[in-house]
Amino acid sequence: MWGKSRLFKYSVEVVPVARRKNKELMELAMDLGGEEAVEVIKALEKKKEATDEELAEMTNIRVNTVRKILYMLYDQGLAEFKRIRDKETGWYYYYWRLETKRLPEILRAKKMAELKKLREMLEEETSEMYYHCGTPGHPKLTFDEAMEYEFQCPICGQMLMQYDNTAVVEELKRRIEELEIELGLRKKPRKKK
């Protein structure tokens, strides 16, 4: 019996559905567990069903790392397993396989979470005035924080100037609009003639 599982920047292109689904799966795997997760998924795609030891051998990744990736994929709803007991040794073997039926639902949930985060960031960027000394890596302070430091950078002591976050706000708005269109929450704007 198979165990059931649950659960920014996933591209949408005009490509055959199977290839797009595979690309989205690989992008999601990269976000979840990096190159090693991508390798485990590729091995599972080839083998269809495999134990963690078999996957470790196929990918040259340590068994503990493969297990960690498999459980992460399981938690996200992208892998299932069946447990079989060896009658001679009494040991249990876990046979893993990919489960991509829920991939669109998982991607949509991730995009919705990203959209929520971007909206919160936009609210924060537009509701506050920020101050910065101009030195990369130094903190951007709110008006109240800047007052506490008497408008001097807490790191270098330089005078804090009002920070122009117009580019940040515009980028957040652009990304929000892009995600809303992808998710079908907003219609694509018509191009002006």
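The text that follows walks through the structure, step by step, so that each part is easy to find. (Residues numbered from 1 in each chain as written. Predicted model: local features only at pLDDT ≥ 70, side-chain atom pairs only at ≥ 80, totals over all residues. Heavy atoms only, no water.)

This brings us to the pattern of salt bridges. Counted under the stated rule, the structure contains 17 salt bridges. The partner of Lys-101 in a salt bridge is Glu-99, and the shortest N-O contact between them spans 3.9 Å. Look at Lys-101 and you get exposed, because its relative accessible area is 66%. Among the ionic pairs, Arg-186 bridges to Glu-177, the shortest N-O distance being 3.6 Å. Judged by relative accessible area, Arg-186 falls into the partly exposed class, the value being 36%. Overlapping salt bridges, with partners in common, bring together Glu-114, Glu-171, Arg-174, Arg-175 and Glu-178 in one network. (Salt bridge = Lys/Arg side-chain N within 4 Å of Asp/Glu carboxyl O. Buried < 20%, exposed > 50% of the residue type's maximum accessible area, 1.4 Å probe, protein only.)

Turning our eyes to something else, we now look at the nonpolar core. One finds Val-40, Ile-41, Leu-55, Val-66, Leu-70, Leu-78 and Trp-96 to be the most contacted residues of the largest nonpolar core, which totals 28 residues. Mapped by element, the contributors of at least two residues to this core are α1 (17-47), α2 (52-59), α3 (63-76), β2 (79-85), β3 (92-98) and α4 (103-127). Take this core: its biggest share by element is 10 residues, from α1. Counting residues in each nonpolar core, the second largest holds 8 residues, with Leu-115, Leu-118, Leu-122 and Leu-179 among its members. (Core = buried A, V, L, I, M, F, W, Y, C linked by side-chain atoms within 4.5 Å. Helix = DSSP H or I, 4+ residues; strand = E, 2+ residues; numbered from the N terminus.)

Moving on, we come to the sheet that holds strand β5 (residues 141-142). Taken together, the 3 strands give an open sheet; going across it, the order is β5-β4-β6, and neighbouring strands pair in antiparallel fashion. Each edge of the open sheet is held by one strand with a lone partner, namely β5 and β6 (161-162). (Pairing = 2+ DSSP bridges.)

Once that is clear, we can look at the packing of α4 against helix α6 (residues 166-182). Put simply, α4 and α6 touch, their axes get as near as 10 Å, and they point 155° apart. In terms of axis orientation, α4 runs roughly antiparallel to α6. The two elements α4 and α6 meet at a crossing, and its hand is left-handed. Residues Lys-111, Glu-114, Leu-115, Leu-118, Arg-119, Met-121, Leu-122, Glu-125 and Thr-126 of α4 pack against Val-168, Val-169, Leu-172, Lys-173, Arg-175, Ile-176, Leu-179, Glu-180 and Glu-182 of α6. (Axes fitted to C-alpha atoms, helices over the stretch in contact; angles between N-to-C directions. Parallel < 35°, antiparallel > 145°, perpendicular 65-115°, else oblique. Left-handed = near helix turned anticlockwise from the far one by under 90°. Contact = heavy atoms within 4.5 Å.)

Taken together, the side chains of Glu-124, Glu-128, Asp-144, Glu-145 and Glu-148 present a region of like negative charge at the surface. Ranked by the residues each element gives to the negative patch, the list is headed by helix α5 (residues 143-148), at 3 residues. Mapping Glu-128 onto the fold places it in the loop between α4 and β4 (130-132). Assessed through its relative accessible area of 35%, Glu-128 is described here as partly exposed. (Patch = residues over 30% accessible without salt bridge, like charges linked within 9 Å, V, L, I, M, F, W, Y side chains within 5 Å. Areas by Shrake-Rupley, 256 points an atom, 1.4 Å probe, with all protein chains shown as cover. Lys, Arg positive; Asp, Glu negative; His and termini not counted. Charge placed at Lys NZ, Arg CZ, Asp CG, Glu CD.)

Counted according to the given criterion, the structure contains 8 aromatic pairs. Relative to Phe-143, the ring of Tyr-131 has its centre 6.0 Å away and its plane inclined at 55°; by these criteria the two rings are tilted. Note that Tyr-131 is positioned in strand β4 and Phe-143 in helix α5, a separation of 12 residues in sequence. Clustering of aromatic rings is evident, with ring pairs tying together Tyr-71, Tyr-74, Phe-81, Tyr-94 and Trp-96. The cationic tip of Arg-83 hangs over the ring face of Tyr-92; the distance from NZ or CZ to the ring centre is 4.0 Å. (Phe/Tyr/Trp six-rings, centres within 6.5 Å; stacked < 30°, edge-to-face > 60°. Lys NZ or Arg CZ within 6 Å of the ring centre and 35° of its normal.)

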